[in-house]
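A closer look at the structure
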Amino acid sequence: MKTSFYPTDISYVVKDGKPVIQLFGRTVDGKQICVLDAFEPYFYVVGKIDVKDIEALQQDDLMVVRVEKVKKNLNEHETSALKVFVNIPKAVPVIKDLVKQLGVDVYEYDILFTRRYLIDKGIVPLTLTEVDGEEVPAQLKVPCIKAKKIVPKEDKVLQPKMLAVDIETYNPVREVNPSKHPILMIGLYGKDFSRVITWKKFPTKEKYVEFVQSEADCLQRFVELVAQYAPDFLVGYFSDGFDFPFIHERARINKVKLDLGLDFSELEIVGRTQKEAKITGISHIDIFKFIRKVIARSMKTDVYTLDAVSGELLGEKKHVVAKELLFKAWDDNEGLEEYCKYNLQDCVLTYKLTEKLLPNLTEFVRIVCLPPFDIVRMTFSTFVEWYLMNQAVKRNEIVPNRPGRMEEMNRMSDRIKGAFVFEPKPGFYENLVVFDYRSLYPSIIASHNISKGTLNCKCCGDPKMETERGTFWFCGKQKGLFSIVISDLILRRAEIKKQLKTSKDPLLAARSEALKVLANSFYGYMGFPPGRYYCIECAESTTAWARHYIHKAIDAAKQSGFTVLYSDTDSLFVLLENKSKDDALALMEKINKDLPGMMELDYEGFYPAGIFVSLRAGDSGAKKKYALLDEQGNFKIRGFETVRRNWSFIAKDVQKKVLEIILKEHDAPKAKSFVRQVVEDLRKNKIPLDKVVIHTALSKAIAGYANVGPHVAAAQKMEAKGLEVGAGTIIKYVVIRGKGLIRDKVKLADEASQDEYDGEYYVQNQIIPGVERIFAVLGIGVDDLTKNTRQSSLGNF
DNA sequence: TTGTGGCGGGG
DNA sequence: GTGTACGCCACAA
């Protein structure tokens, strides 16, 4: 009988001395199943040795089953190897040590059994798979099929059934302590399903609230409801680090069995430093981990609280309630309904976030070919590595070993020379054109065949590249693994981008993004010390070629009569002066004609005006600090770190307005008089109070601060008023007039009045630092902005 | 400049 | 579990 299903999770058991893979998933008609498949553990041996010597190896009940002679490639060169099969997975590390003692090399002895299975069978989680086999009885919560044959079927993906979970705990002090404090409520949210289980009764009309007798009952009911809902994904926010470890400990204390696993196994917390909560057959997705690792780089926020992340990605926030007073509400049984609402809303947000990011998660699962549980918890280097390993196996390559401790230490001391930066002269410029190399590092790796196995080959030697650590070249006859794999990624992405022009499918967009991110991670991976495919010569060559090509573009621009203003890594800023945009495009064509393979210089844009500022007045470099104005009137601002959260609105407003006047109107005197007006208004307390409020988030508990800065002083005042203040609390304060230290002059925002704020403080510490460097470029000093001289002029520029 | 310790997220 | 763990920042030396 043939069954089509989407695998979601994988594990294995040893039955009658033989390992059996358990592949959990959901069938096309929506039923959960488990597929059982026999699979043999093995590893490779390379070296001169008698097969009989290996066959004889045994230790207790761990033994070699058989040995096969195979043809493989090692570091991209042909070799003969022995494939050593052992009886159970646990035997691999033991037997490989025995083999190693015989003086030969061993490989692929640390690839997890379940992952080995996925690679070898080419099974892609979340993707339609067909199993041929009969149903067999088994001790599981779901029907079991014993596989005769299992193959990937169609390029269709699962819409997983998801359940979000969140807990609230009794928390009288600022400390998380599951051994002392009980769980008060557990929230669940899924499709057409809302529930908050709690064990103190109060009157309510909300249907989602369910009362039970005790904390133990609450935990018990949680287990029942999860089983009833039968999710593919159980989702939480920081649930590896908080919710599940807490639930686990409370269940232990209350003697409740958390047999959530589809094989009746209990929730398991593994790992010392980075905890992971595992449930057999159900994928526990800690969406926080995925967001911080994969999505974070494309987000604006710099804090990853559920509130901030939901706000940005969903436009929805947490339910507002005094969380730190929950223990009191519980003791007095007053206002608990609000906390239930809060609990449920956290689940809703967690659910929606996962729903939104599902295309991204799914694409990483499909590219890297690992279960969602693993993908959510992996870093980029492991993504690249796992992808390479998959490709290596497909190409009959033996996967290199990870470095030993010593080797890794040696690698860590190796630093490579970075990218080329041509620093601009600070100043105001008109009519700039920006070019950049499209995917510079990936395209160099692809075009120059940069790979561990093609490094300094014996058969050819061009072109050579001189680097800091020697002369390197890459084979011109045989394509290397890195280069093949990265070319494939680039081509696949180009194909998807074509499709995206006529389609808005979020899966396609996510796939394109995933491919890009993966390709961009290759360069970093080559210099990643714990990597299996570590190749410092490859990384060094990549940056050396990058410098070569950017210099080439700079030279070509100069030769065509352009003034080169600025260049960093892969981009080039030139001034048009008396030339046209067409001249710039012609220059680009000329440069592109000589580029090898997949390399290409792109026209990034034309900017009517731009300003480059220096780090400090007098400093020559203006690296990565500029503001450009495009033809639509939008700003492109880089490196102005002055616009920060903990600045007052007036400081941000003034900086923005000054850039606008200078770039759009080219009117320095106007910008100057604007600032002077603000300075005067501040000194006369004419700027509204809410514009001078400073917002700062407390990074830790008040007691943790050794020296009391202004925001800490303000926090102390809040505490004195009886408000709960801790890490993460946003402190809003105003600096008022007076003598002494700043911290003695702070007032809470809602207690200060319009006429008492210290205008001079704002001028010196908020306004001036934000615009000082911009004016320095125009030859206008701080005194010109703040001193009370009515007359001072500067010609138009 | 390099090295180390703590913390993020959650309540 | 055929395992090994991050990455950034503040602060010190």
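Look up: the structure comes first, before these words.
Below: a short report on this structure. (Residues numbered from 1 in each chain as written. Chains lettered and ligands numbered in written order. Predicted model: local features only at pLDDT ≥ 70, side-chain atom pairs only at ≥ 80, totals over all residues. Heavy atoms only, no water.)

**Examining the sheet that holds strand E13 (residues 193-198)**
Note the cut-off: The pairing criterion for strands is at least two bridges between them, as found by DSSP. Here a strand is any run of E in DSSP of at least two residues, a helix any run of H or I of at least four, and the numbering for each starts at the N terminus. All axes are obtained by fitting lines to C-alpha atoms, using only the stretch in contact for helices, and the reported angles, taken between N-to-C directions, cover 0 to 180 degrees.
The six strands are arranged E14-E13-E12-E11-E15-E18 in an open sheet whose pairing can be described as mixed. Because the sheet does not close on itself, it has two edges, and the strands there are strand E14 (209-211) and strand E18 (283-286). Across this sheet, the average inter-strand angle for adjacent strands is 25°, counted without regard to direction. Examined bridge by bridge, strand E12 (residues 183-190) and E13 share six bridges and lie antiparallel to one another. Its bridge partner lying in E13, Tyr189 is registered against Ser194.

**Concerning the protein's contact with DNA strand C**
Test applied: The cutoff for a nearby residue is simple: one of its non-hydrogen atoms must lie within 4 Å of the molecule or strand. We define a polar contact as two N or O atoms separated by no more than 3.5 Å, with the added condition that, inside protein, one atom must be a possible hydrogen donor and the other a possible acceptor, whereas residues neighbouring each other in sequence contribute only through side-chain atom pairs.
Not every one of the 19 residues close to DNA strand C is listed here, only the nearest: Tyr12, Pro89, Val92, Tyr109 and Phe113. Atoms of DNA strand C within 4 Å of the protein belong to the sugar or the phosphate in 51% of instances, the rest to bases. Pro89 is positioned with one of its backbone polar atoms (N or O) 2.9 Å from a sugar or linking oxygen of DNA strand C. Between DNA strand C and the protein, one listed contact pairs a base oxygen with a backbone N or O atom of Asp110 at 3.2 Å. Listing elements by their share of the surface near DNA strand C, those giving two or more residues are helix H2 (91-101), helix H3 (113-121) and strand E17 (276-278). The dominant element in the surface near DNA strand C, judged by the number of residues it contributes, is H3, at three residues.

**As for the pattern of salt bridges**
Put simply, the rule reads: Just to be clear on terms, a salt bridge is a Lys or Arg side-chain nitrogen sitting within 4 Å of an Asp or Glu carboxyl oxygen. Categorising residues by exposure relies on relative accessible area from a 1.4 Å probe, with only protein chains included: less than 20% of the type maximum marks a residue as buried, more than 50% marks it as exposed, and the intermediate range marks it as partly exposed.
Under the counting rule described, the total for this entry stands at 44 salt bridges. The residue Glu316 makes a salt bridge to Lys352 at a minimum N-O spacing of 2.9 Å. Here Glu316, found in the loop between helix H7 (306-314) and helix H8 (326-332), pairs with Lys352, found in helix H9 (residues 336-368); they are 36 residues apart in sequence, far enough to count as distant. We classify Glu316 as partly exposed; its relative accessible area is 23%. Between Asp488 and Arg492 there is a salt bridge whose closest N-O contact spans 3.4 Å. In this pair, Asp488 and Arg492 both sit in helix H14 (residues 481-500), four residues apart, roughly one turn of the helix. A single network of salt bridges, built from pairs that share partners, joins Asp110, Glu385, Arg402 and Arg532.

**Structural notes on the sheet that holds strand E20 (residues 421-422)**
Which entries qualify depends on this criterion: Contacts were defined at the residue level, with two residues in contact if any of their heavy atoms lie within 4.5 Å.
A sheet is described by the order of its strands in space; here seven strands give the open sequence E20-E24-E25-E21-E26-E27-E28, paired in antiparallel fashion. At either end of the open sheet lies a strand with only one pairing partner, and these are E20 and strand E28 (635-638). Pairing between strand E21 (residues 427-437) and strand E26 (residues 601-612): 10 bridges, direction antiparallel. Bridge pairing in E26 places Val434 opposite Gly605. Those strands touched by helix H17 (residues 581-593) are E21 and E26, and its axis lies near 140° from that of E26.

**Looking at the environment of Val309**
Summarising the element assignment, Val309 is placed in helix H7. Each C-alpha atom, one on Val309 and one on Arg292, is 9.9 Å from the other, the two residues being 17 residues apart in sequence.

**Quick notes on the packing of aromatic side chains**
What counts here: Aromatic pairs are defined between Phe, Tyr and Trp rings, using the six-membered ring for Trp, whenever the two ring centres lie within 6.5 Å; interplanar angles under 30 degrees are classed as stacked, those over 60 as edge-to-face, and all others as tilted. By definition here, charges over rings are those cases where NZ of Lys or CZ of Arg is within 6 Å of the ring centre and within 35 degrees of the ring normal.
Under the defined criterion, the tally for this structure stands at 32 aromatic pairs. An angle of 70° between the planes, with centres 5.6 Å apart, marks the rings of Tyr566 and Phe612 as edge-to-face. Taken together, the positions of Tyr566 in strand E24 (residues 563-568) and Phe612 in strand E26 put the pair 46 residues apart, joining distant regions of the chain. For Tyr566, a relative accessible area of 2% corresponds to the buried category. These aromatic residues form a ring-pair network of at least three members: Tyr429, Tyr566, Phe573, Phe612 and Tyr626. In this structure, Lys579 packs its charged tip against the face of Phe562, placed 5.5 Å from the ring centre.

**Digging into the protein's contact with DNA strand B**
The condition is simple: We call Asp, Glu, Lys and Arg charged. Ala, Val, Leu, Ile, Met, Phe, Trp, Tyr, Cys and Pro are nonpolar, and the rest, Gly among them, are polar.
Among the 22 residues in the neighbourhood of DNA strand B, the closest are listed as Glu168, Asn171, Glu175, Phe238 and Leu306. Looking at DNA strand B alone, sugar and phosphate atoms form 61% of those within 4 Å of the protein. Here a base nitrogen of DNA strand B and a side-chain polar atom of Asn171 are 3.0 Å apart. The side chain of Lys323 places a nitrogen or oxygen atom 3.3 Å from a phosphate oxygen of DNA strand B. Among the elements of the structure, strand E11 (162-169), helix H6 (287-295) and H9 are those that each provide at least two residues to the surface near DNA strand B. Sorting elements by how many residues they give to the surface near DNA strand B places E11 first, with four residues. Here the surface near DNA strand B is built from residues that sort into 10 nonpolar, four polar and eight charged.

**A short note on the side chain of Thr467**
Here Thr467 lies in strand E22 (residues 465-467). With residues up to four places along the chain from it excluded, the contact list for Thr467 reads Phe472, Glu540, Ser541 and Ala544.

**Quick word on the nonpolar core**
Here is the rule we go by: Among the buried residues, those of types Ala, Val, Leu, Ile, Met, Phe, Trp, Tyr and Cys that are joined through side-chain atoms within 4.5 Å form a nonpolar core.
Within the largest apolar cluster, 101 residues are counted, with the highest numbers of intra-cluster contacts made by Phe290, Ile291, Ile375, Tyr437 and Phe522. Counting 49 residues, the second-largest nonpolar core is a separate cluster that includes Ile611, Val658, Ile662 and Val746.

**Examining the pairing of strand E2 (residues 18-27)**
E2 sits mainly inside the fold: nine of its 10 residues count as buried. In this structure, strand E1 (residues 2-15) lies alongside E2, joined through 10 bridges in antiparallel fashion. Among the inter-strand pairings, Phe5 is bridged to a residue of E2, identified as Thr27. Between E1 and E2, which follow one another and run antiparallel, lie two residues, and Asp16 among them has a positive phi close to 50°. The sheet contact formed by E2 and strand E3 (residues 32-38) spans seven bridges and is antiparallel. Opposite Leu23, over in E3, you have Val35 as the bridge partner. The antiparallel pairing of E2 with E3 creates a hairpin that spans four residues between the two strands, and Gly30 there sits at a positive phi of about 85°.

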